Amino acid sequence: MNLLELKNVRKHFGGIKAIENFSLNVGEREIVGLIGPNGAGKSTLFNCVAGVFPPTFGDILFQGDRINRQKPWDLCRKGLARTFQIVKPFASRTVLYNVMVGAFAGTDKRAEAERRARAVLEQLNLGHLADQRAGNLTIADRKRLEIAKALATRPRLLLLDEVMAGLRPTEVDEMVAIIKRLREGGMTVFVIEHIMRAIMALSDRVAVLHFGVKIAEGTPQEVAHDERVIKAYLGDEYAAA
Amino acid sequence: MSPSLARKLPLVLAAIVALALPLVLRSPTYLHILILLYLYAYLTTSWNLVGGFAGVLPLGHATFVGIGAYTSTILSLQYGISPWIGMLVGAVLASIVGVIIGLPTFKMRGAYFALATIAFAEGIRVMTENIDTLGPFQINGPRGLQIPPLTTGFASFMFATKEPYYYIILAMLAGVLALTWFISRSKLGYYLVAGGEEPEAAQALGVNVARAKLIAMAMSSFLTAFAGTFWAQFTLYIHPKSVMSLDISFEIAFIALIGGRGSIAGPVLGALLLRPVGDFSRIYFGDTVPGLHLIIFGVVLILVMFFQPRGLQEPLTRIYTRVVDRLAGVREAA
């Protein structure tokens, strides 16, 4: 069964067509990557799915329900969590506090929220930072905190928006391992990423967005050898090579 | 002695001192100053639910003081209803008005929100000043309402001495502090902080930010109205300038900003620091340099914002725990 279905999704901002007729299915326990050059519309698509704004046309289905106009907080409670490309920690509070905000989505009890939050922190190797102020973290830890907050809501589908940008290669490998472990635990992941090495290692399937249009979809290998994709990324002169 | 116990001990001592103070302090002037200090600590703590935890800067809380004062006073003057019941009615009314003000204004950010709340508060004050009767209710416009001190006693919320007022406001302050502590550790508290700091991120984590803020506003205005009734019963004379003026709203914000918004100790520390400065400058310089306390407030605020933008609560808490820990450590060694 498809956990997430996008059917002919379009998003227009006035005269700007940010996304044109985008269709994609994300199956249960799949890791699907979404790549594309800067400004292709990847984050806009995520915002449509996460309820920040509704698509102009088309349908978005989550667990079979149409979620076009639902609000982010309601979607979160249904099991759809996301991270932000520009990380948004609650900077003045501790790491544990940050993650507990997410954990409260599933419980009203403080003790239970703290238990869940600590479990997620351990899972992401952030346990030793629980009492640090979120504003003091390094960028790699902030990115992991971003995932921890989303995970604490206990989602079925996780939308990751460039969680590896700005990380060192070893940190990227660590992050890839973390995401793979999540999938083994039953999670479905829809990920935007720029780092090709990571997306190739992670994804079961990759969709490529270019100027709001999906120009390719397939396994990482298929996509990497697709002429249109190479053109979109590197320009026409590289296509022959 | 364990450190956590040692840290609580001075607080217990402070509570005992606060309870015993009227037995030692016979001067009504000093009691009056203390009562106002507690009143402002209470007001600021109530304000803090919105202005501190929810991260917005409401500058119109005097409205709720006014609603509380007028409601209980009108009900007792015209219908003979006990101010204690009027206090509750006023609080319910204030929280309804609070939500009505919050609905459109919480969509605004930063200074726009602050300005909108000022506009609401001033609008309501000017209207009150220009209304003599509202339906069956006698408001008396700018002349205000006088409460004749006929029967003193607990039931009528009127006392010949200051001591009962002292204990009532002390109990109110303790209550509101306990409530704030409880909320800050609850789901609502986490949601308010999250929504105040990063609304988009909070929403993505399942927080209905607008709803959390409205709940906080309803609670804050409810509690603020209690202070209005207390003020009316304490002074036995209210008029729009005394219970609805911007000065009250601003002083609350001053105290909160200097003490530390969004913390439990902040409003109390702010009131402890600022109220005596205000009162003593009024006592000693009131004739020669009127308004001196406002200048002092301004200077203190600038200095605090410059050196401790998160309020004095942070460095003071640090010093406090260090001193207490050291004292406890010394005691252990001896």
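Since the model is a prediction, treat every value here as computed from it, not as a measurement. Residues take numbers from 1 onward in each chain, read along the sequence in its written order. Written order decides the labels, with chains lettered from A and ligands numbered from 1. Local features in this predicted model are restricted to residues whose pLDDT is 70 or higher, and side-chain atom pairs enter the listing and the counts only when it is 80 or higher, whereas totals over whole chains, interfaces and linings include all residues.

### With respect to unusual backbone geometry
All names here are of chain A. So the rule is basically this: Counting other C-beta atoms within 10 Å of its own, a residue is labelled buried from 20 upward, exposed at 12 or fewer, and partly exposed in the gap between, with every C-beta atom placed from the backbone. Helix numbers and strand numbers start at the N terminus; a helix is a DSSP run of H or I with at least 4 residues, a strand a run of E with at least 2.
The phi torsion at asparagine 8 lies on the positive side, around 50 degrees, for a residue other than glycine. Given 12 C-beta atoms within 10 Å, asparagine 8 falls into the exposed group. The residue asparagine 21 is not glycine, and still its phi comes out positive at about 45 degrees. For asparagine 21, the location among the structural elements is in strand E2 (residues 16-27). Its 14 C-beta neighbours within 10 Å are what place asparagine 21 among the partly exposed residues.

### Brief notes about the interface of chain B and chain A
One frequent convention defines the size of an interface as the accessible area lost when the parts assemble. Our working definition: The contact criterion used is a C-beta to C-beta distance within 7 Å, with each C-beta placed from the backbone. Amino acid classes used here: Ala, Val, Leu, Ile, Met, Phe, Trp, Tyr, Cys and Pro are nonpolar; Asp, Glu, Lys and Arg are charged; the rest, including Gly, are polar.
Of the residues lining the interface, 18 residues belong to chain B; the matching set on chain A comes to 21 residues. Elements represented by at least two residues in the side of chain B that touches chain A include exactly helix H7 (187-197) and helix H8 (199-204) of chain B. Looking at the side of chain B that touches chain A, the element that brings in the most residues is H7 of chain B, giving six residues. Split by residue class, the side of chain B that touches chain A holds nine nonpolar, four polar and five charged.

### Overview of the sheet that holds E2 of chain A
Residue and element names in this part refer to chain A. For clarity, the threshold we go by: DSSP-based pairing: two strands are paired if at least 2 bridges between them are found. Each axis is a line fitted through C-alpha atoms, taken for helices only over the stretch in contact, and angles between the N-to-C directions span 0 to 180 degrees.
The four strands lie next to each other as E2-E1-E4-E5, forming an open sheet whose pairing is antiparallel. At either end of the open sheet lies a strand with only one pairing partner, and these are E2 and strand E5 (65-66). Here strand E4 (residues 57-62) pairs with E5 via two bridges, running antiparallel. Counted as the bridge partner of leucine 61 is arginine 66 from E5. With respect to the sheet, helix H1 (residues 42-50) is in contact with strand E1 (2-13), E2 and E4, its orientation differing from that of E2 by roughly 65 degrees.

### Things to note about the packing of helix H2 (residues 28-53) of chain B against helix H12 (residues 265-285) of chain B
Residue and element names in this part refer to chain B. This is how the line gets drawn: Between 65 and 115 degrees an angle is taken as roughly perpendicular, under 35 as roughly parallel, over 145 as roughly antiparallel, and anywhere else as oblique. Note on convention: near helix rotated counterclockwise from far helix by under a right angle means a left-handed crossing. Clockwise means right-handed.
With their axes 8 Å apart at the nearest point, H2 and H12 run at an angle of 140 degrees to one another. Between H2 and H12, the interaxial angle falls into the category oblique. Helix-helix and strand crossings are classified by hand; for H2 and H12 the assignment is right-handed. The segment H2 lies against H12, with Ile33, Leu36, Leu37, Tyr40, Ala41, Thr44, Thr45, Asn48 and Gly52 engaging Gly266, Pro267, Val268, Gly270, Ala271, Leu272, Arg275, Pro276 and Asp279. Considering only residue class, the contact of H2 with H12 consists of 10 nonpolar, six polar and two charged.

### A word on the domain arrangement of chain A
Residues and elements named next belong to chain A. We apply this condition: Note that domain bounds follow an automatic or database assignment of domains.
Entries for chain A in the domain assignment read domain 1 (2-79 + 156-238) and domain 2 (89-154). The C-alpha centroid of domain 2 is placed 24 Å from the C-alpha centroid of domain 1. With nine residues of domain 1 in contact, the opposing surface of domain 2 contributes nine residues. Counting only elements with at least two residues in the side of domain 1 that touches domain 2, the list comes to helix H2 (72-78), strand E7 (157-161) and helix H6 (169-184). A per-class count over the side of domain 1 that touches domain 2 returns six nonpolar, one polar and two charged.

### Regarding helix H5 (residues 139-152) of chain A
Residues and elements named next belong to chain A. Spelled out, the test is: Take the number of residues in a helix, subtract one, and multiply by 1.5 Å to get its expected span.
Relative to the 20 Å expected for 14 residues at 1.5 Å per residue, H5 spans 20 Å between its end C-alpha atoms, a close match to the ideal helical length. Judged by how many residues are buried, H5 sits mostly within the fold: 12 of 14 residues are covered. Inspection of H5 places Asp141, Arg142, Lys143, Arg144, Leu145, Glu146, Ile147, Ala148, Lys149, Ala150, Leu151 and Ala152 among the buried residues, and these make up the whole buried set. Considering only its buried residues, H5 is in contact with strand E6 (80-82), helix H3 (95-103), helix H4 (110-123) and E7. Within two residues after H5, arginine 154 carries a phi angle of roughly 55 degrees, on the positive side.

### Let's talk about the pairing of E2 of chain A
Residue and element names in this part refer to chain A. With eight bridges connecting them, E1 and E2 associate as antiparallel partners. Within E2, the residue paired with lysine 11 across the bridge is isoleucine 19. The turn linking E1 back onto E2 is made up of two residues, and glycine 14 within it adopts a positive phi angle of 60 degrees.

### Brief notes about the pairing of E4 of chain A
Residues and elements named next belong to chain A. Note that E1 and E4 share five bridges and pair antiparallel. Across the sheet, residue glutamate 5 finds its bridge partner in E4, namely leucine 61. Turn length for the E4-E5 hairpin, with the two strands adjacent in sequence and antiparallel, is two residues, and the turn residue glutamine 63 shows positive phi of about 50 degrees.

### Section: the sheet that holds strand E10 (residues 213-218) of chain A
Residues and elements named next belong to chain A. Strand order in the open sheet made by the six strands is E6-E7-E8-E3-E9-E10, with mixed pairing throughout. Whereas interior strands pair on both sides, the edge strands pair on one side only; in this sheet they are E6 and E10. Within the sheet, the average angular offset between the axes of one strand and its neighbour, ignoring direction, is 15 degrees. One ladder, built from four bridges, connects strand E3 (residues 31-35) with strand E9 (residues 205-210); its direction is parallel. Opposite leucine 34, over in E9, you have alanine 207 as the bridge partner.

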